[in-house]
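# Remarks on the overall topology
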Amino acid sequence: MKSVRIIPCLDVDNGRVVKGVNFLDLRDAGDPVELAAHYDSQGADELIFLDIAASPQAQQTMVDVVHRTAEQVFIPFTVGGGIRSLEDARRILRAGADKVSINTAAIERPELVTELAEEFGRQCVVVAVDAKRSEKDSGKFEVFSHGGRTATGLDAKNWIQEVVQRGAGEILQTSMDKDGTLDGFDLEMLRELGRECSVPLIASGGVGNLEHLVEGVTNGGADAVLAASIFHFGDHTIPEAKKHMKEAGILVRPHR
Amino acid sequence: MTGVPLIAVLDYGIGNLRSAQKALEHLGAEALLTDNEETINRADALVLPGVGSFGRCISALEETGLRELTKAAAQEAAEGGRPFLGICVGLQMLHERSEETPGLEGLGVIDGEVELISGVDKLPQMQWNLLKTESHPMFEGSEQESWTYFVHSYAAPINYNTVATCVYGTEVCAAIAQNNLWATQFHPEKSGKVGLRILENFVSLAGVDL
């Protein structure tokens, strides 16, 4: 049976969660570890920490966050942002993360994907692909690096095929057109890029309500759905999301 | 036996071993990540985690000089001796060989070959899945519906010692038990409350009530 994972994403800047988090029942909603434990208890299937500072100093802070998270959160979690070498990945994984996500570093040196897969296994390697609709070619999508700021000229479909061939175990696919809009995933992009993707694909960018999560799966074909704002702002909870998806006929791990 | 059980989590340089250690500590056991023979020998129970490929894990076990010791410990557990738990590739390595790395010998404590999962369009199976369980101490106190987290492309054969399966394309071996030798294809240390319960059952097998 295929079940769909719901994955909250936490943006972390020097050890603090950013993007206003609004939970009254947390002692310290800015603490990524406490927030991770909260989502775990709510029934999140996985978590992603995105280190948005991504400086060497911030990375040490992230290692500490991972260390503390591993002591109290017993669901899988991925760390992305600032991982540029095997050594960076090793520190994060040894601290207790299950997967690392790379983006710009893979574009600059695609061999890194191969090296990570050989060293840690492909199940550890998530490649994040930020893409925008091409202005020149309709139906084409272009990969962006550096947090969506830099056009790379890479065709997203080809790029996904290349990284999967190199050993990516999962693709985190974000629509730069939709990210932050709250008006839903770019379903056409999901379908187009997911069609020939032989590894699981996580849809990201644009979720503003629970129906968007459903569409990402039924209409976009995603294997997992990532959301930030709708959960962080307290608009919706993970159990609500699971209930909504289940009612739409999607198999999800039931919330206890 | 009294006091806190000592569980040795075999450290042979593979991936994230800390999660298994922390989950066992969370349950009140003393868990050490170790490749030290003396520590391994005096532990009340052993855990063999494993992520990545079959070949890489077997080679790493050889490189750290733990292969024979691990094999003997698993054999002993299968005969009713000191408890031993294999996790993910740790389960696969207990078998004779794997289609993933042809020509390489596994530990051979459990008969059969690990094979690629067939009949699905996405591999690895990277998701939570519902277990179909036999009545076994591994699942004592578990909820009616036990969902656990899987990450794998290869699976062990379903056999007389299979105690749980899940469905992914086809029916897939999810857990094995032979006396005190337990092994799970899923990650109990990453399967929330359900997984912690399984680990707790394993720790009590070491003869210590938490």
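Structural data are supplied above this passage.
Remember, predicted model here, so these are calculated numbers, not experimental data.

## A word on the overall build of chain B
The helix and strand inventory of chain B stands at six helices and 13 strands. Against the 2.2 N^0.38 benchmark of 17 Å for 210 residues, chain B shows a C-alpha radius of gyration of 16 Å, consistent with a compact globule. With the C-alpha coordinates aligned to their principal axes, the bounding extent of chain B is approximately 50 × 40 × 30 Å. Taken over 210 residues, chain B has a buried fraction of 62%. When contacts within chain B are restricted to residue pairs at least 6 apart in sequence, long-range pairs at least 24 apart make up 68% of them. Entry remark: accessible area of chain B is about 7,700 Å², with carbon and sulfur atoms responsible for 43%. Measuring between centres, the 13 positive side-chain charges of chain B sit 6 Å from its 28 negative side-chain charges.

## Observations regarding the overall build of chain A
Assigned secondary structure in chain A consists of 10 helices and 11 strands. Over its C-alpha atoms chain A spans a radius of gyration of 17 Å, differing by no more than 12% from the 18 Å that the globule rule assigns to 256 residues. Buried positions account for 59% of the 256 residues belonging to chain A. Long-range pairs, those at least 24 residues apart, make up 65% of the contacts in chain A with a sequence separation of at least 6.

## Here's the deal with the environment of B:Arg82
Residues and elements named next belong to chain B. Relative to the helices and strands, Arg-82 is located in the loop between helix H4 (67–78) and strand S4 (84–87). For Arg-82, a relative accessible area of 17% translates into the label buried. Beyond its immediate sequence surroundings of up to four residues, Arg-82 is in contact with Ile-40, Asn-41, Arg-42, Ala-43, Asp-44, Ala-45, Leu-46, Ala-73, Glu-76 and Ala-77. At 3.0 Å, the side chain of Arg-82 forms a polar contact with the backbone oxygen of Ala-43.

## Quick notes on unusual backbone geometry
Between B:Leu123 and B:Pro124 the backbone carries a cis peptide bond, its omega angle lying at 0°. Tracing the backbone shows B:Pro124 in the loop between strand S6 (110–116) and strand S7 (125–130). Even without being glycine, A:His146 reaches a positive phi, approximately 50°. Following the sequence through the fold, A:His146 ends up in the loop between strand S7 (141–145) and strand S8 (150–155). Phi is positive for B:Asn179, which is not a glycine, with a value near 50°.

## Brief notes about the interface of chain B and chain A
Taken together, the contact between chain B and chain A spans 35 residues of the former and 40 residues of the latter. Taking both sides of the interface into account, the surface hidden between chain B and chain A amounts to around 3,100 Å²; carbon and sulfur atoms contribute 54%. On the surface where chain B and chain A come into contact, there are six salt bridges. Across the salt bridge formed by A:Asp223 and B:Lys122, the nearest N and O atoms sit 2.9 Å from each other. Among the secondary structure elements, those contributing two or more residues to the side of chain B that touches chain A are helix H1 (18–26), S7, strand S9 (147–152), strand S11 (162–168) and helix H6 (192–205) of chain B. Taken together, the residues of the side of chain B that touches chain A sort by class into 14 nonpolar, 10 polar and 11 charged.

## Structural notes on the packing of helix H8 (residues 210–218) of chain A against helix H10 (residues 238–247) of chain A
The relative placement of two packed helices comes down to the angle between their axes together with the axis-to-axis distance. All names here are of chain A. H10 packs onto H8 with a crossing angle of 50° between their chain directions and a minimal axis gap of 9 Å. When the interaxial angle is binned, H8 and H10 end up oblique. Considering how the two elements wind past one another, H8 and H10 form a crossing that is right-handed. Contacts between H8 and H10 involve Leu-210, Glu-211, Leu-213, Val-214 and Val-217 from the first element and Glu-240, Ala-241, His-244 and Met-245 from the second.

## A closer look at the pattern of salt bridges
Residue and element names in this part refer to chain A. Using the criterion set out here, one finds 30 salt bridges over all chains in the structure. Linking Arg-5 and Glu-46 is a salt bridge whose minimum nitrogen-to-oxygen distance equals 2.6 Å. Here Glu-46 lies in the loop between helix H1 (32–42) and strand S3 (47–51) and Arg-5 lies in strand S1 (residues 5–13), a separation of 41 residues in the sequence. Of the two residues examined, Arg-5 and Glu-46, each falls in the buried class.

## Quick look at the side chain of A:Thr174
In this fold, A:Thr174 is placed in strand S9 (residues 170–175). Engagement of the side chain of A:Thr174 in a polar contact is seen with the side chain of A:Ser204, the distance being 3.0 Å.

## Considering the pairing of strand S13 (residues 181–184) of chain B
Residues and elements named next belong to chain B. Alternating positions in S13 separate into two faces, Leu-181 and Ala-183 on one and Trp-182 and Thr-184 on the other, with burial throughout. Pairing of S4 with S13 involves four bridges; the strand directions are parallel. Counterpart to Leu-85 in the pairing with S13 is Trp-182. As defined by bridge partners, strand S12 (residues 170–178) adjoins S13 across four bridges and the pair is classed as antiparallel. Within S13, the position partnered with Ala-175 by the bridge is Thr-184. As consecutive antiparallel partners, S12 and S13 are separated by two residues, and within that stretch Asn-179 has a phi angle of approximately 50°, a positive value.

## Here's the deal with H8(A)
Residue and element names in this part refer to chain A. Taken together, the buried positions of H8 are Leu-210, His-212, Leu-213, Val-214, Gly-216 and Val-217. Packed against the buried residues of H8 are helix H7 (187–194), strand S11 (224–227), helix H9 (229–232) and H10. By the N-cap criterion, in which a side-chain oxygen at the helix start approaches the backbone nitrogen of a residue two or three places on, H8 is capped by Asn-209, the distance to Glu-211 being 3.0 Å.

## Some remarks on the environment of A:Ala156
Residue and element names in this part refer to chain A. With respect to the helices and strands, the residue Ala-156 is situated in helix H6 (residues 156–166). A relative accessible area of 0% places Ala-156 in the buried class. On a C-alpha basis, the gap between Ala-156 and Ala-36 in space is 31 Å, while along the polypeptide they are 120 residues apart. Residues in contact with Ala-156, not counting those within four places in the same chain, are Ala-131, Phe-141, Val-143 and Leu-193.

Calculation rules
Residues numbered from 1 in each chain as written. Chains lettered and ligands numbered in written order. Predicted model: local features only at pLDDT ≥ 70, side-chain atom pairs only at ≥ 80, totals over all residues. Heavy atoms only, no water. Helix = DSSP H or I, 4+ residues; strand = E, 2+ residues; numbered from the N terminus. Rg over C-alpha atoms; globule rule 2.2 N^0.38 Å. Buried < 20%, exposed > 50% of the residue type's maximum accessible area, 1.4 Å probe, protein only. Contact = heavy atoms within 4.5 Å. Areas by Shrake-Rupley, 256 points an atom, 1.4 Å probe, with all protein chains shown as cover. Lys, Arg positive; Asp, Glu negative; His and termini not counted. Charge placed at Lys NZ, Arg CZ, Asp CG, Glu CD. Polar contact = N/O pair within 3.5 Å; in protein donor to acceptor, adjacent residues only side chain to side chain. Buried area = accessible area lost by both parts, 1.4 Å probe. Salt bridge = Lys/Arg side-chain N within 4 Å of Asp/Glu carboxyl O. Nonpolar A, V, L, I, M, F, W, Y, C, P; charged D, E, K, R; others polar. Axes fitted to C-alpha atoms, helices over the stretch in contact; angles between N-to-C directions. Parallel < 35°, antiparallel > 145°, perpendicular 65-115°, else oblique. Left-handed = near helix turned anticlockwise from the far one by under 90°. Pairing = 2+ DSSP bridges.

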